[in-house]
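Chain residues, written in single-letter form:
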Amino acid sequence: MDSDVIFYVNIFLLAISILQVLANLVVLTAYFRSSQCRRTDTIILLVSLASIDFLYALLFIPYVVYLLVESPPHDVNYNYNAVIILATGGPPAALMKSGCVITSFIAIDRIVAVYFPAKYYRLEKRKIMHCAFVIALMMATIDGAVLFGTTKIASHPQCSTFACFTSPFFQTYWGMSNMAVNVLSSVLTFIVLVGLHRALNSTMLNRSLERKRKADNAATRTAVCILVISMIFGVVPGLINGFAAYIELPLLKNVGFFVGTCASVSGLSHAFIFGMAHRDVRSSIMAMFLGKTLNSKSASMGNSIAALDRSHYVVSVHS
């Protein structure tokens, strides 16, 4: 791939990563500031995904900054430091698996909510969802262990991406395992969409469950949008990357360079969807950015009225 193209792609990745950090930070802050959001069990997995996206972008920034700083001039071979590449590129690569896994858990959560509402709304979900978040992080730990356990640190001249610094075993394992999780997530997303279509055309006889389902519409709407975005930006690049790792075609391996780009765009999209599609999170964000402004305007208006009253009082006394 042309060095100029790689340079500008890295600039784009840096910009997207910074926006991803800021957007997910806003979403997480809004969640923890709102007692209503914290009491809602059905969005715990969505918050977990926002946390993973935030960590991914935060850890990805040093990696892409190093690529930009050490980017060679035109027609000069790349000569990146293998230790720095693996140390900065390894953690975000491992967290990509966590994002895929937590997305699958989101789909499973919505499947249970749509197909088995009576059991779902009586279930103590908080501990289960916390366990799902821990499992997702454990998968990242496994990927990190495989990476550093199978990769020998060595110089790779003319290598411009993280992948060619890793071992062939890790490339195959990482590509195929991510592809498998992405395919699973796609199948689960399809099941969710079918269940939602059925639910929209039916009404529950139990009024209590019907009210809970309607109250849960915000979480369902947010989850479906996130699942579809993840399927677009995760499954297709994941399939290409896994296929390339399996058959070892150099031409297809170049496509793997854009897997990180798709992951960053997906993480940024998740934050905007979560912030706009979920009513409680959206209200908390609006309170964060507009509350102080509205309060200050109200306070200034109150001060003006008070000053006006005092002036009228002074005039009346003198008269």
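Predicted model, so just to flag it, every value in this text is computed and none were measured. (Residues numbered from 1 in each chain as written. Predicted model: local features only at pLDDT ≥ 70, side-chain atom pairs only at ≥ 80, totals over all residues. Heavy atoms only, no water.)

### A short note on the environment of Leu19
Working step 1: By secondary structure assignment, the location of Leu19 is in helix H1 (residues 3-33).
Working step 2: Measuring from C-alpha to C-alpha, the distance between Leu19 and Val265 comes to 9.7 Å, with 246 residues separating the pair along the chain. (Helix = DSSP H or I, 4+ residues; strand = E, 2+ residues; numbered from the N terminus.)

### Observations concerning the pattern of salt bridges
Working step 1: Taken as a whole and judged by the stated rule, the model has 4 salt bridges.
Working step 2: With a shortest N-O distance of 2.5 Å, Asp41 and Arg126 are connected by a salt bridge. Taken together, the positions of Asp41 in the loop between helix H2 (35-39) and helix H3 (44-69) and Arg126 in helix H6 (residues 125-150) put the pair 85 residues apart, joining distant regions of the chain. (Salt bridge = Lys/Arg side-chain N within 4 Å of Asp/Glu carboxyl O.)

### Points about the packing of helix H4 (residues 82-115) against H6
Working step 1: Where H4 meets H6, the axes come as close as 8 Å, and the angle between the chain directions of the two elements is 145°. The chirality of how H4 crosses H6 is right-handed. Counting all contacts with H4, which are made through Leu86, Gly90, Ala94, Leu95, Lys97, Ser98, Val101, Ile102, Phe105 and Asp109, the residues of H6 involved are Met129, Ala132, Phe133, Ile135, Ala136, Leu137, Met139, Ala140, Asp143, Gly144, Leu147 and Phe148.
Working step 2: A class-by-class count of the residues in the contact of H4 with H6 yields 16 nonpolar, 3 polar and 3 charged. (Axes fitted to C-alpha atoms, helices over the stretch in contact; angles between N-to-C directions. Left-handed = near helix turned anticlockwise from the far one by under 90°. Contact = heavy atoms within 4.5 Å. Nonpolar A, V, L, I, M, F, W, Y, C, P; charged D, E, K, R; others polar.)

### Considering H3
Working step 1: Along its 26 residues, H3 runs 38 Å from first to last C-alpha, staying within 8% of the 38 Å computed at 1.5 Å per residue.
Working step 2: At Phe60, H3 shows its strongest bend, of approximately 30°, with the proline Pro62 following within four residues.
Working step 3: For H3, the buried fraction is high: 20 of the 26 residues fall into the buried class. (Expected span 1.5 Å × (residues − 1). Bend = angle between axes of the 7 residues up to and from the residue. Buried < 20%, exposed > 50% of the residue type's maximum accessible area, 1.4 Å probe, protein only.)

### Digging into the UniProt feature "transmembrane region" (unreviewed entry) in the chain
Working step 1: Summarizing the sequence annotation, UniProt attributes the feature "transmembrane region" (unreviewed entry) to residues 6-31, 43-69, 95-116, 128-148, 179-200, 221-243 and 255-277 in the numbering used throughout.
Working step 2: Counting secondary structure, residues 43-69 comes out at 96% helix and 0% strand; the distance between its end C-alpha atoms is 39 Å. (UniProt positions renumbered as here; feature names shortened; annotations may be inferred.)

### A look at the confidence of the model for the chain
Working step 1: A residue-level look at the chain finds 78% of positions with pLDDT of 70 or above and a mean pLDDT of 80.
Working step 2: The model gives residues 293-319 a pLDDT under 50, and that stretch makes 0 contacts with residues more than four places away or in other chains. (pLDDT = per-residue confidence, 0-100.)

### Points about the packing of H3 against H6
Working step 1: Remark: H3 packs on H6, axes separated minimally by 9 Å, with the N-to-C direction vectors making an angle of 25°. In terms of orientation, H3 lies roughly parallel with respect to H6. Handedness of the H3/H6 crossing: right-handed. Contact residues: Ile44, Leu45, Ser48, Ser51 and Ile52 in H3; Arg126, Met129, His130, Ala132, Phe133, Ala136 and Leu137 in H6. (Parallel < 35°, antiparallel > 145°, perpendicular 65-115°, else oblique.)

### A few points about the nonpolar core
Most often, soluble globular proteins have nonpolar side chains that are buried together.
Working step 1: Grouped together as the largest cluster of nonpolar side chains are 81 residues, with contacts concentrated most on Ile43, Ile85, Phe162 and Phe274.
Working step 2: Per-element accounting of this core gives the leading share, 17 residues, to H3.
Working step 3: In this structure Phe274 touches Val27, Ile43, Leu46, Val47, Ala50, Thr222 and Val281, once residues within four positions along its chain are discounted. (Core = buried A, V, L, I, M, F, W, Y, C linked by side-chain atoms within 4.5 Å.)

### Overview of helix H11 (residues 259-277)
Working step 1: The first and last C-alpha atoms of H11 sit 26 Å apart over 19 residues, in line with the 27 Å expected at 1.5 Å per residue.
Working step 2: Burial within H11 is extensive, with 16 of its 19 residues counted as buried.

### Overview of empty space enclosed by the protein
Over the atoms rolls a probe the size of a water molecule, and its path tells where empty space is left.
Working step 1: Evaluation of the coordinates by the stated rule reveals 2 cavities of 30 Å³ or more.
Working step 2: The computed volume of the second largest cavity comes to approximately 30 Å³.
Working step 3: Thr42, Leu45, Leu46, Ile106, Asp109, Arg110, Ala219 and Ala223 together form the lining of the second largest cavity.
Working step 4: Counting only elements with at least two residues in the lining of the second largest cavity, the list comes to H3, H4 and helix H9 (217-247).
Working step 5: Here the lining of the second largest cavity gets 3 residues from one element, more than from any other, and that element is H4.
Working step 6: Here the lining of the second largest cavity is built from residues that sort into 5 nonpolar, 1 polar and 2 charged. (1 Å grid on protein atoms, 1.4 Å probe; cavity = no way out; pocket = protein on both sides within 12 Å on 5 of 7 lines; lining within 4 Å. Points joined across faces, edges and corners; volume = space filled by probe spheres on them.)

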